[in-house]
Amino acid sequence: MLSVIIDARSGADGLPGLLAQLTAGAVDGLVRQVLIVAADGQPGIGELCEDMGAEASPTIEAAAAAARSDQLLVLPADLRLRDGWIKALEAHLTRSGAPAVVTGFSDGGLFGRRPFGVLLERGRLEGAGGADLQRIRRNLGLRVGRIG
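The text that follows walks through the structure, step by step, so that each part is easy to find. (Residues numbered from 1 in each chain as written. Predicted model: local features only at pLDDT ≥ 70, side-chain atom pairs only at ≥ 80, totals over all residues. Heavy atoms only, no water.)

Another point: the overall build of the protein chain. Counting its regular elements, the protein chain contains 6 helices and 7 strands. Starting at the N terminus and walking to the C terminus, you meet the elements of the protein chain as β-α-β-α-β-α-β-β-α-β-β-α-α. Evaluated residue by residue, the protein chain yields a buried proportion of 47% over its 148 residues. Contacts in the protein chain between residues at least 24 apart in sequence constitute 71% of all its contacts with a sequence separation of at least 6. (Helix = DSSP H or I, 4+ residues; strand = E, 2+ residues; numbered from the N terminus. Buried < 20%, exposed > 50% of the residue type's maximum accessible area, 1.4 Å probe, protein only. Contact = heavy atoms within 4.5 Å.)

What follows is the structure in C-alpha coordinates.
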(Lines give C-alpha, C1' and ligand atoms only; values in the text may rest on other atoms or scores of the structure.)
Protein backbone atom coordinates (compact mmCIF):
# COMPACT_ATOMS: atom_id res chain seq x y z
CA MET A 1 0.00 0.00 0.00
CA LEU A 2 1.06 3.56 -0.72
CA SER A 3 0.91 6.87 1.03
CA VAL A 4 0.28 9.52 -1.62
CA ILE A 5 1.70 13.00 -1.13
CA ILE A 6 0.21 15.68 -3.36
CA ASP A 7 2.11 18.94 -3.76
CA ALA A 8 -0.54 21.66 -4.15
CA ARG A 9 1.68 24.62 -3.21
CA SER A 10 1.73 26.01 -6.74
CA GLY A 11 -2.03 25.70 -7.14
CA ALA A 12 -4.88 23.43 -6.23
CA ASP A 13 -7.19 23.87 -9.20
CA GLY A 14 -6.60 20.32 -10.42
CA LEU A 15 -6.65 18.75 -6.98
CA PRO A 16 -10.29 17.53 -6.99
CA GLY A 17 -9.72 15.65 -10.26
CA LEU A 18 -6.59 13.93 -8.96
CA LEU A 19 -8.28 13.05 -5.68
CA ALA A 20 -11.15 11.49 -7.62
CA GLN A 21 -8.66 9.31 -9.51
CA LEU A 22 -6.95 8.28 -6.28
CA THR A 23 -10.28 7.15 -4.84
CA ALA A 24 -10.19 4.22 -7.28
CA GLY A 25 -6.75 3.30 -5.92
CA ALA A 26 -8.08 3.39 -2.36
CA VAL A 27 -11.01 1.15 -3.27
CA ASP A 28 -8.58 -1.23 -4.99
CA GLY A 29 -6.39 -1.35 -1.86
CA LEU A 30 -3.35 0.38 -3.36
CA VAL A 31 -3.74 3.84 -1.77
CA ARG A 32 -3.68 3.81 2.01
CA GLN A 33 -3.43 7.51 2.79
CA VAL A 34 -3.40 10.89 1.04
CA LEU A 35 -1.46 13.88 2.35
CA ILE A 36 -1.78 17.29 0.70
CA VAL A 37 1.12 19.72 0.89
CA ALA A 38 -0.24 23.27 0.82
CA ALA A 39 0.96 26.76 1.60
CA ASP A 40 -0.14 28.09 4.97
CA GLY A 41 -3.59 29.58 4.61
CA GLN A 42 -4.08 28.32 1.06
CA PRO A 43 -7.84 28.72 0.48
CA GLY A 44 -10.04 25.64 0.31
CA ILE A 45 -7.42 23.07 1.27
CA GLY A 46 -8.75 22.43 4.78
CA GLU A 47 -12.28 21.86 3.51
CA LEU A 48 -11.07 19.66 0.67
CA CYS A 49 -9.00 17.54 3.06
CA GLU A 50 -11.99 17.14 5.34
CA ASP A 51 -14.31 16.20 2.46
CA MET A 52 -11.88 13.68 0.94
CA GLY A 53 -10.40 12.19 4.11
CA ALA A 54 -6.95 13.58 3.33
CA GLU A 55 -4.45 15.22 5.69
CA ALA A 56 -2.81 18.63 5.23
CA SER A 57 0.92 19.14 5.60
CA PRO A 58 3.21 22.19 5.22
CA THR A 59 6.06 20.45 3.34
CA ILE A 60 6.83 17.27 1.43
CA GLU A 61 9.28 16.26 4.16
CA ALA A 62 6.64 16.71 6.91
CA ALA A 63 4.16 14.71 4.86
CA ALA A 64 6.71 11.90 4.46
CA ALA A 65 7.29 11.87 8.22
CA ALA A 66 3.51 11.54 8.77
CA ALA A 67 3.09 8.82 6.13
CA ARG A 68 1.78 5.45 7.30
CA SER A 69 3.37 3.51 4.43
CA ASP A 70 7.02 3.02 3.56
CA GLN A 71 6.27 3.42 -0.16
CA LEU A 72 5.45 7.00 -1.16
CA LEU A 73 3.93 8.34 -4.33
CA VAL A 74 4.63 12.09 -4.61
CA LEU A 75 2.48 13.86 -7.20
CA PRO A 76 1.81 17.44 -8.32
CA ALA A 77 -1.81 18.58 -7.92
CA ASP A 78 -2.26 19.12 -11.67
CA LEU A 79 -1.26 15.58 -12.68
CA ARG A 80 -3.83 13.33 -14.30
CA LEU A 81 -2.95 9.67 -14.04
CA ARG A 82 -3.21 7.57 -17.17
CA ASP A 83 -5.73 4.78 -17.60
CA GLY A 84 -4.37 1.59 -16.07
CA TRP A 85 -2.26 3.42 -13.45
CA ILE A 86 -3.34 1.08 -10.65
CA LYS A 87 -2.24 -2.09 -12.46
CA ALA A 88 0.99 -0.43 -13.64
CA LEU A 89 1.96 0.63 -10.11
CA GLU A 90 1.00 -2.73 -8.61
CA ALA A 91 3.10 -4.54 -11.24
CA HIS A 92 6.08 -2.27 -10.59
CA LEU A 93 5.83 -2.73 -6.82
CA THR A 94 5.63 -6.51 -7.27
CA ARG A 95 8.62 -6.60 -9.66
CA SER A 96 11.05 -4.36 -7.83
CA GLY A 97 9.54 -1.41 -6.03
CA ALA A 98 12.57 0.64 -7.09
CA PRO A 99 12.19 4.42 -7.28
CA ALA A 100 10.55 5.44 -10.53
CA VAL A 101 9.01 8.35 -12.37
CA VAL A 102 5.24 8.15 -12.74
CA THR A 103 4.14 9.91 -15.89
CA GLY A 104 0.80 11.48 -16.57
CA PHE A 105 -0.73 14.44 -18.30
CA SER A 106 -2.30 17.76 -17.40
CA ASP A 107 -5.51 19.40 -18.48
CA GLY A 108 -3.37 21.84 -20.50
CA GLY A 109 -4.21 20.15 -23.81
CA LEU A 110 -2.05 18.39 -26.36
CA PHE A 111 0.89 20.76 -26.02
CA GLY A 112 0.66 21.29 -22.26
CA ARG A 113 3.60 20.43 -20.07
CA ARG A 114 3.95 16.84 -18.98
CA PRO A 115 3.80 16.65 -15.21
CA PHE A 116 5.32 13.70 -13.41
CA GLY A 117 5.33 12.12 -9.99
CA VAL A 118 7.89 10.07 -8.14
CA LEU A 119 7.48 6.67 -6.52
CA LEU A 120 10.06 5.99 -3.81
CA GLU A 121 10.65 4.56 -0.36
CA ARG A 122 10.25 6.99 2.52
CA GLY A 123 13.92 6.60 3.54
CA ARG A 124 15.07 7.73 0.09
CA LEU A 125 13.17 10.98 0.45
CA GLU A 126 15.05 11.95 3.60
CA GLY A 127 18.30 12.18 1.65
CA ALA A 128 16.78 13.65 -1.50
CA GLY A 129 16.89 17.30 -0.46
CA GLY A 130 13.27 17.26 -1.50
CA ALA A 131 11.92 20.77 -1.65
CA ASP A 132 10.09 19.91 -4.89
CA LEU A 133 9.58 17.09 -7.38
CA GLN A 134 12.27 18.29 -9.80
CA ARG A 135 14.90 18.23 -7.07
CA ILE A 136 13.76 14.82 -5.76
CA ARG A 137 13.91 13.35 -9.27
CA ARG A 138 17.32 14.88 -9.99
CA ASN A 139 18.86 13.86 -6.63
CA LEU A 140 17.65 10.29 -7.04
CA GLY A 141 18.94 10.15 -10.62
CA LEU A 142 15.56 9.09 -11.95
CA ARG A 143 15.64 9.31 -15.70
CA VAL A 144 14.40 5.84 -16.63
CA GLY A 145 11.98 3.33 -15.20
CA ARG A 146 8.92 5.36 -16.02
CA ILE A 147 5.52 4.02 -14.99
CA GLY A 148 2.36 5.19 -16.72
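Still to come is the rest of the account.
Let us look at the layout of surface pockets. The space that makes up the second largest pocket amounts to roughly 190 Å³. A26, V31, V34, M52 and G53 are, among the 13 residues lining the second largest pocket, the residues nearest its centre. Listing elements by their share of the lining of the second largest pocket, those giving two or more residues are α1 (15-27) and β2 (31-37). (1 Å grid on protein atoms, 1.4 Å probe; cavity = no way out; pocket = protein on both sides within 12 Å on 5 of 7 lines; lining within 4 Å. Points joined across faces, edges and corners; volume = space filled by probe spheres on them.)

Along any regular strand the residues' side chains alternate between the sheet's two faces. Burial runs high along strand β7 (residues 116-121): 5 of the 6 residues are buried. Where strand β4 (residues 71-76) meets β7, 4 bridges bridge the pair, whose relative direction is antiparallel. Following the sheet pairing, Q71 is matched in β7 by E121. Pairing geometry for strand β6 (residues 100-105) and β7, over 4 bridges, is antiparallel. Opposite A100, over in β7, you have L119 as the bridge partner. (Pairing = 2+ DSSP bridges.)

What follows deals with the sheet that holds strand β3 (residues 55-57). Within the open sheet, the 7 strands sit side by side as β3-β2-β1-β4-β7-β6-β5. Their pairing is mixed. The sheet is open, and its two borders are formed by β3 and β5 (80-81), each paired with just one other strand. Pairing geometry for β5 and β6, over 2 bridges, is antiparallel. When the sheet's bridge partners are listed, R80 is paired in β6 with F105. Along the sheet face, helix α4 (residues 85-95) touches β1 (2-7), β2, β4, β5, β6 and β7 and points at about 30° away from the line of β7. (Axes fitted to C-alpha atoms, helices over the stretch in contact; angles between N-to-C directions.)

With that out of the way, let us pick up the pattern of salt bridges. In this structure the tally under the stated criterion is 3 salt bridges. For E55, the salt bridge goes to R68, with nearest N and O atoms at 2.8 Å. Here E55 is found in strand β3, whereas its partner R68 is found in the loop between α3 (60-66) and β4, with 13 residues between them in sequence. What makes E55 partly exposed here is its relative accessible area of 27%. (Salt bridge = Lys/Arg side-chain N within 4 Å of Asp/Glu carboxyl O.)

This part covers α1. Helix length check: α1 (13 residues) gives 18 Å between terminal C-alpha atoms against 18 Å at 1.5 Å per residue, within 8%. Buried residues of α1: L15, L18, L19, L22 and G25, and no others. For α1, the secondary structure elements touched by its buried residues are β1, β2, α2 (45-52), β4, β5 and α4. Positive backbone phi, at 90°, marks G29, one or two positions downstream of α1. (Expected span 1.5 Å × (residues − 1).)

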